[in-house]
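Chains, contacts and geometry: an overview
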Amino acid sequence: MTLLHRLASIVRWIVRRNRAERDLNDELETFVEMAAADRMRDGAPPAEARRSAVLHLGGVEQAKERVRSTRHGAWLDEVGRDLRYGLRTLRRSPLFTAVALLTLALGIGANTAIFSIVNAAILQPLGYPAPDQLMRLTAHFPVGPLQGFRLSTPEYLEFREMNRSFVEVGAFAVGEGVAGGGSGGWAGAINLTAGDRPVRARCALVDEHLLAALGVQPAQGRLFAPGETDAMSSRPGIGGPPVAILSHELWQSALGGQSIVGQSVYVDGRPHDIIGVMPPGFDVMDNRTEIWLPIGVHPEIRRIRQNHILQVVGRLKDGVTPQAAEVELSTFLENWGERVGVKGHVPTGHPSGPQDHTLRLQPLQDAILGDARRAIWVLQAAAGLVLLIACANLASLVLARAESRRREFAVRAALGASRGRLIQQTITEGALLSVAGGVIGVWVARVGLRSLVLAYPTSLPRTSELTIDLSVLLFALLVSVATGVFFGVAPAAQSRFIDLVNALKDGNREGGTGGRHRVRRALVTAEVALAVMLVIAAGLLVRTVYNLTRVDAGFDRSRMVTFSMTLPPGDSEAGGRAAALQRLLNTVRQVPGVQAATAMSDLPFDRKAQRYNTGAENYTNTDGRPVAIVDYYQFVMSDYFTTMGIPIVAGRGFEAIDTTSEGRVVVINETLANRLWNGRDPIGQRLRPNLGASVGTSVNPWHTVVGVAKDVKQAGVDRDAGAELYLFVDQPGPPIDGTERPWVVIAPKTMNIVLRTSLAASALAQTLERAVRAIAPSVPIVGLREMDAVFDESIGRPRLLAQLLAAFAGLALLLAVLGTYGVLSFMVAERRREIGIRLAIGATRGGIVALVMKQGLVIASIGLATGVAGALGLNRLFASLLFGVEPTDSSTLAAVMCTIALVAALACGLPAWRASRLDPNVVLRAE
Amino acid sequence: MEKLDIPQGTLDLMILTILAREPMHGYGISQRLAVLSHEQFQVNPGSLFPSLYRLEQDGKLKAEWRTTGNNRRAKYYRLTASGRRHLDHYRERWNRVSFAVASVLEGA
């Protein structure tokens, strides 16, 4: 028989089903009539003849059912009927349906949302051609927390020359810490003016090799031409010719998507030609780059090995494995200095001193994911546990329903439904529920993801690629169907539910309670155990966040408002900027409600180490030179230490007198004081900050230490403070030697204004915008917010983890409580008669409470013990995500156990109390 | 006397054989089966009709409503060409099977 024939038969059956049903009915009726007629001919009375004929037929309905099930496409029909029947059943029990749908929607929604994060960040390959050929090359210093640091320009160029593994190796620079900006520190963002409104745009400085390595083709216009990114702007430092490529997104948002290539825009006040537009979504290292500029490293900087300013990405040649490239790199590291003919500060395979560093290769995707991978998997695991609990809960609920539906199933079995058909029916009901739950779940996931990205825009990698795509939908569907089958089969697994005779005979009376309840009890125990594990994990992460907020960051971050602004290079360059900033501060200090105001080049908590080589008197490092590594330079303005609330532990802070005094002064932090002059008095010592590298001055004068400030946690409260040097922007200082040298003025382009005020940032917005407009009409205010918000953002990932896990744990706990409550209530309902008898023959109410409570508490305590054991086993997997708390922290465990015990007692208490209030008279009479 | 169970798979063969002589309705088939088997087989409509429907679906039989001798409307089944081929093939196989079984039983 051909497939076509079969299909035609199915279609015929569907199309002509009504006629076929009528046919079948008529045919069987004819059969009965003929049989009855024969019997009448043999002398049977008409009624008796018909009855015997029907008996002979063996049940008209059974015969019809058997005929139907032989037909092609019969299963379609059965599914249809099961669906209709299932819908009717679900409509008849709205409470059950609502609870089940809600549970499923939350369970599936949580999983779908987290899976879309897994999908976007981990599973989806990066959006470049052949992304697994892309590797990142980073520097690693053995001393200090500098893992995955940038490369110096010489070693980048040398590696590009030496290697045989890569088709192309390119470099770029983003974010703060890029030294030697054209005329001042450069903060990874520029002011873009096209038309009347300035916008701030995140930018990446790249060379042409990087774009070639990434394999991007411009959506419009062209990329940088060969040599274009090597060309210099007229000023020292980095920054190439005035051309720019826009991201698709910036082109759309700031320029309305109108034709732009060939036109000119202002980048930090200088006209730049737009040569191209990138394709949508194109980025490097998850930087959310909006504008691409040529890097143009100055020849002088190309020689300085100490300036680690470049991020390096390469594309492997076809057929070269990452391992082969690593082997090649390690041979370079054996004798890098000899190969290139230099000594000092070259990469080495065996770094020992603080100046030494080695190089490592890593697949680009791993580099982007970093340690977020573990956090994401922890979330997925947690969401999975929630779904398991939801499944267990639903299975238990469905079991309870199956008990009360035994009669219904028995009647259907009597009317010709086979056992298989009944199981099919319960699975259909399960699938109906779970697919409906899945649809709501996907919606929940969408809403959840959107608010997650809004609340934590930078806490997870690759959030810009976060969508509910086909694979996420497939995942949701798979999870839904699996869930449906899981709790649809559960009642069928209990074979008694279609035990025909007993079900019809004894209705709903108890009997064999033990066996039937064992499954449900096991399910609920498992629920409790899983919930305990989740609650413990959430407890540890909440403790982590609490610990992070309690760390002394080194300054008083409450009641502070901050914003940042990038001043265009004015006519008088740095000098003009410093003066403009001073005018701005003076205006702001007059604002009612503002107690103090200052400015600083870099906000704490999320700084990347800069590691400037800094000359120092009375100090020699391990290689014998009087040069110290300083992790951070901070350029500050008047009233800095008082406004920030940073205590001065020795000497003094910057004062008005320094703005006119002859000698240049610096303040250092405790870590730097100890590192340089451990034990000796740092006041009066001299340092020679690397101003050339940090702000692009042409001279590096000596500075005298006038004070030591308490450490501020620059890189985050969970990191070491690092060594920090404070430089005073308000101190122009006299000419260094003779009049032909310029004054040393050191105002970075981008500064953060900081106000001490009890007002909210939003309340100050208009006033501040007006003040900024007065000194620089085209400069936008960026990132206006409270310092607490800056801090919250810096601990975004632990907060995100803690919040999500707490939500999951709460949900899990709620489900487990409902499960415990449900199984006990059901047990009490079934044992009404027994309890009534007990009460009638003299059991006390307290005794009954104890009887029921015992049942529940056995479940809870087994679950609790299993859960704690499981948590102790698994928690070390996320030990690296914790701060200031051990994965086995006993106080957290104790708190969780108390909470669970209390909640379990409540869940058991209500049914127990109700059992004890039973009136034996009523109960026994009802039987 | 107790009726025999119809051996697995032979009902179709018997239905086809009966219908090879003349088209017939369901009740007629069941009666003819009883007579031909000397009242040894009695087919239950719960088995007969599924078989008829399956054979019809597979194109071995064709059904049409006709009026009987007693002026009753009934659904008559008749063999199609494909049904006849199937029957020949089927009967040939059955003969071989029963011969083989008989040989084994006699030889044992």
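Read on for a plain summary of the structure.

Thresholds, definitions, all that
Residues numbered from 1 in each chain as written. Chains lettered and ligands numbered in written order. Predicted model: local features only at pLDDT ≥ 70, side-chain atom pairs only at ≥ 80, totals over all residues. Contact = placed C-beta atoms within 7 Å. Helix = DSSP H or I, 4+ residues; strand = E, 2+ residues; numbered from the N terminus. Nonpolar A, V, L, I, M, F, W, Y, C, P; charged D, E, K, R; others polar. Pairing = 2+ DSSP bridges. Core = buried A, V, L, I, M, F, W, Y, C linked by C-beta atoms within 7 Å. Buried ≥ 20, exposed ≤ 12 C-beta atoms within 10 Å, placed from the backbone.

Counting from both sides, the interface comprises 17 residues of chain B and, opposite them, 18 residues of chain A. Here the side of chain B that touches chain A takes seven residues from helix H3 (residues 45–57) of chain B, the largest share from any one element. Here the residues of the side of chain B that touches chain A are counted per class, giving six nonpolar, six polar and five charged.

With that settled, the discussion passes to the sheet that holds strand S3 (residues 73–79) of chain B. Residues and elements named next belong to chain B. Spatial ordering of the open sheet is given by S1-S3-S2, a layout of three strands whose pairing is antiparallel. Only two strands of the sheet have a single neighbouring strand rather than two, namely strand S1 (24–25) and strand S2 (61–67). Across two bridges, S1 lies against S3 in antiparallel orientation. Across the sheet, Met 24 pairs through a bridge with Tyr 77, a residue of S3.

Okay, the pairing of strand S9 (residues 270–277) of chain A next. Within a regular strand, the side chains alternate between the two sheet faces. All names here are of chain A. Here strand S6 (residues 220–221) runs beside S9; their pairing, made up of two bridges, is antiparallel. Of the residues in S9, the one forming a bridge with Gln 220 is Val 277. Here strand S7 (residues 243–246) runs beside S9; their pairing, made up of four bridges, is parallel. Of the residues in S9, the one forming a bridge with Ala 244 is Ile 274. Two strands pair when backbone bridges link them, and strand S8 (residues 264–267) and S9 are joined in this way by four bridges, in the antiparallel orientation. Within the sheet, the bridge partner assigned to Tyr 266 lies in S9 and is Pro 271. The turn linking S8 back onto S9 is made up of two residues, and Asp 268 within it adopts a positive phi angle of 50°.

Turning to unusual backbone geometry, a few remarks are in order. Positive phi is not limited to glycine here, since Asp 639 of chain A has a value of about 65°. Tracing the backbone shows Asp 639 of chain A in the loop between strand S17 (632–636) and helix H21 (640–644). At His 38 of chain B, a position not held by glycine, the phi torsion is positive, near 55°.

Grouped together as the largest cluster of nonpolar side chains are 98 residues, with contacts concentrated most on Val 386, Val 532, Leu 534, Phe 808 and Ala 812 of chain A. Counting residues per element, this core draws most heavily on helix H14 (residues 372–404) of chain A, which supplies 20 residues.

Let us now look at the environment of Glu 249 of chain A. All names here are of chain A. One can find Glu 249 in helix H9 (residues 248–255). Judged by the 18 C-beta atoms lying within 10 Å of it, Glu 249 is partly exposed. Taking the C-alpha atoms as reference, Glu 249 lies 78 Å from Ala 840; in sequence the two are 591 residues apart.

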